[in-house]
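Results of the structural survey
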Amino acid sequence: MQFLDWLLISIPLIGLFFLAIYIKKYMRGVADFLSGGRMAGRYLLAVAKGEQGVGAVVFVATFEMVSKSGFILTWWNWISIPVGLIVGISGWVIYRFRETRAFTLAQFFEIRYSKSFRVFTGVLGFGSGLVNFGVIPVIGARFLTYFLGLPHSFSIFGWAIPAHIPLMALLLGISLALTLSGGLITLMVTNCIEGMLSQVLFLVIIASLLMMFSWSEITQVLENRPPGQSLLNPFDSMGLKDFNIWYVLMAIWGGIYRTMAWQNQSAYSTAAITAHESRMGGIMSNWRSMGNSAVVTLLAVCAMTYLAHPDFAKQASTVRQEVSQIEQQQLQAQMTIPIAVEHMLPPGIKGVLCIILLMGVFGGDGTHIHSWGSLFIQDILVPLRKKPLSPEEHIRLLRWSMSGVALFAFLFGCFFKQTEYIAMWWAITEALYVGGAGVAIIGGLYWKKGTTAGAWAGLLTGSGLVTGGILARQIWGNNFPLNGMQISFFGSISACILYVVTSLLTCRKDFNMDRMLHRGPYALESEKKFETKSKTRVSWGKLIGFDEHFTFGDKILAGGLFGWSMIWFGVFLVGSVWNLITPWPISVWSSFWFVVGIGIPIAFALITSVWFAWGGIRDMRVFFRRLREERVDVLDNGMVSIIPISEITLEQPSIMAPPPNESQQRSEVGK
């Protein structure tokens, strides 16, 4: 790192500091702190939420996957396109959850099931989330330690301190300060600005890499693989052990089952101005992600070329010598690509990438801190209190909880010894909660016969089986017949069966879904003015989720995404049949991935950098105007109170009056 790099890094960080101070004045209540006042538009949601995906740990995780599977996962992931598009465009789970006006999933669990179920899922989700998040700051700090060229350790009073420990503390401290200043309002705006800037900087890095490495050099390295372990030809990759076609097939079911179950971005699910705008935010996120993938993939394959191509043998020896100084074998493999990236980038470009990594760290860590800290208060502490909190007390507790999450992450990172791929660690820790919670979410939102007993049966079965499978893997290792993805799959299937059977056996009265979702006579006048209804009926659009809220422009965006993605599903089908009849030579696969894996993503990076800069600026202006006009509701704080049926009027807003639970219904029927 040279002076130019440090100068480039310091300018946006100083601007971020002053921006956070300015935004703080807009935070006036609990709803602002937790959900940004529920005033966010689609572009603000898409860009801010996407910034979590460009942190240092995400780069490292992607480097691991690309170095093991190359472009193979891209091909097999096209299998999931139809399912993923219908889930995304239809607003599967997310749309109905927004209609409940719940702050968190566990709050929804109390509305739909019971307070005890809310508390239990809150504790389970909070615990698994802490452990999942615990590896993120330390991996990001370790990456930046090598990338910034810092000494690996230093001595204080004879004690050797790894350099990434104080760096982790500094990065967590900055992320925490941003989060505490204005809650989600600060995070959304700063993340949106960081995201818009990152998209422009991506183009600078891409241009630099294309001038440094030729595609012929890259393919020479990628083609040099043993039979059955190709990084270019998916039909010659069945020997790949970790990230292969079976990994993708299991992930398709998991993607449907765990929609919104994992709460590392829970606040964004409640931040939209309407449920439809939340759905459009997800659609816009898909458009934006098409450009972001280019820089990470290109960095990974260029680093692999830098390490293995004869033209860079001298430079590669320096990298390998530095990697050999890392004691733990898993960390050696994990840090090889990041160290190569640090050595191969020229001054200036290195500073540009560091800006992206740092802003991604602040955005990602801040979002995690906010999500898990608010989950503890909203889903564990608040339900146990009989006396409502004042807004000042509530926000103070939220800040203390978020500080505790940051402290845990720091301590966990200091003592944790990593033995898994990052993606595998995330999958394992997510399954501890999602294995049983997924069916309670889907059944609660879509099935009027789902009961509290069914939710308990599904939760305990799914999470219990997954926990047992994880312990079995720890004890017997590879001798246990199921891997982590298979354990998660069979655990979720078992949870679904138990939920349905138990609910059918215990259901005495159908649940009032309209009331929970604020539909029909329970609809809120305050949200109707923000909903737009299409004047024309498009019957074919119903197949992919179009409803009366889709404007013509919305249909273009959603339909275009569907059509573009289906083209690649068609490429997958035609290419698979073609290769089964007449296999493509490796040279054809090389040319194919140059266009599909590098060229097209770069084109999208150019388009989306302009498109989402315009949209992000527009949405932020509207967001601040809405906040200035906002009327703060002190009761909108996530607490659920049971109100007798006789006292409920149709004009009552929000979720303050959920239907009586099943035990109340049964007792009334008995009388």
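Structural data are supplied above this passage.
In this text the structure is predicted, and so the values were computed from the model without any measurement. (Residues numbered from 1 in each chain as written. Predicted model: local features only at pLDDT ≥ 70, side-chain atom pairs only at ≥ 80, totals over all residues. Heavy atoms only, no water.)

1. Brief notes about the packing of helix α10 (residues 164–182) against helix α11 (residues 184–212)
To describe two helices that pack against each other, one gives the angle between their axes and the distance between the axes. Close contact between α10 and α11 brings their axes to 5 Å; oriented N to C, the two are set at 125°. Classified by the interaxial angle, the pair formed by α10 and α11 is oblique. When α10 is examined against α11, the residues Leu178, Thr179, Ser181 and Gly182 are found in contact with a partner set consisting of Leu184, Ile185, Thr186 and Leu187. Class assignment for the residues of the contact of α10 with α11 results in four nonpolar, four polar and no charged. (Axes fitted to C-alpha atoms, helices over the stretch in contact; angles between N-to-C directions. Helix = DSSP H or I, 4+ residues; strand = E, 2+ residues; numbered from the N terminus. Parallel < 35°, antiparallel > 145°, perpendicular 65-115°, else oblique. Contact = heavy atoms within 4.5 Å. Nonpolar A, V, L, I, M, F, W, Y, C, P; charged D, E, K, R; others polar.)

2. Re helix α3 (residues 42–50)
By the criterion of burial, α3 is predominantly enclosed, with seven of the nine residues buried. Within α3 the residues assigned to the buried category are Arg42, Tyr43, Leu44, Leu45, Ala46, Val47 and Ala48. (Buried < 20%, exposed > 50% of the residue type's maximum accessible area, 1.4 Å probe, protein only.)

3. Quick look at the environment of Ser216
Note on placement: Ser216 falls in helix α12 (residues 215–223). For the pair Ser216 and Ser590, spaced 374 residues apart in sequence, the C-alpha separation works out to 8.9 Å. There is a polar contact of 3.0 Å between the side chain of Ser216 and the side chain of Ser214. (Polar contact = N/O pair within 3.5 Å; in protein donor to acceptor, adjacent residues only side chain to side chain.)

4. Looking at the packing of aromatic side chains
With the rule as written, the count across this model stands at 52 aromatic pairs. Between Tyr306 and Phe312, the ring centres sit 5.7 Å apart and the planes meet at 35°, which makes this aromatic pair tilted. For the pair shown, Tyr306 and Phe312 are each scored as buried. Between the NZ or CZ atom of Arg112 and the centre of the ring of Phe511, over which it lies, the distance is 4.0 Å. (Phe/Tyr/Trp six-rings, centres within 6.5 Å; stacked < 30°, edge-to-face > 60°. Lys NZ or Arg CZ within 6 Å of the ring centre and 35° of its normal.)

5. Thoughts on a nonpolar patch on the surface
Where nonpolar side chains cluster on the molecular surface, the patch consists of Phe3, Leu4, Leu7 and Ile11 and spans about 430 Å² of accessible area. With respect to the helices and strands, Phe3 occurs in helix α1 (residues 3–23). (Patch = residues over 30% accessible without salt bridge, like charges linked within 9 Å, V, L, I, M, F, W, Y side chains within 5 Å. Areas by Shrake-Rupley, 256 points an atom, 1.4 Å probe, with all protein chains shown as cover. Salt bridge = Lys/Arg side-chain N within 4 Å of Asp/Glu carboxyl O.)

6. Focus on the pattern of salt bridges
All chains considered together, the criterion is met by seven salt bridges. Of the charged contacts, one joins Glu277 and Arg42 as a salt bridge, the two residues approaching to 2.9 Å between their closest N and O atoms. Of the two residues, Glu277 sits in helix α15 (residues 275–308) while Arg42 sits in helix α3, which places them 235 residues apart along the sequence. Residue class for Glu277 comes out buried when judged on its relative accessible area of 13%.

7. Quick word on the packing of α3 against α11
Between α3 and α11, the shortest axis-to-axis distance is 7 Å and the interhelical angle comes to 75°. Between α3 and α11, the interaxial angle falls into the category roughly perpendicular. Residues Leu44, Leu45, Val47 and Ala48 of α3 lie in contact with α11, whose contacting residues are Met188, Asn191, Cys192, Gly195 and Met196. In the contact of α3 with α11, the residues fall into seven nonpolar, two polar and no charged.

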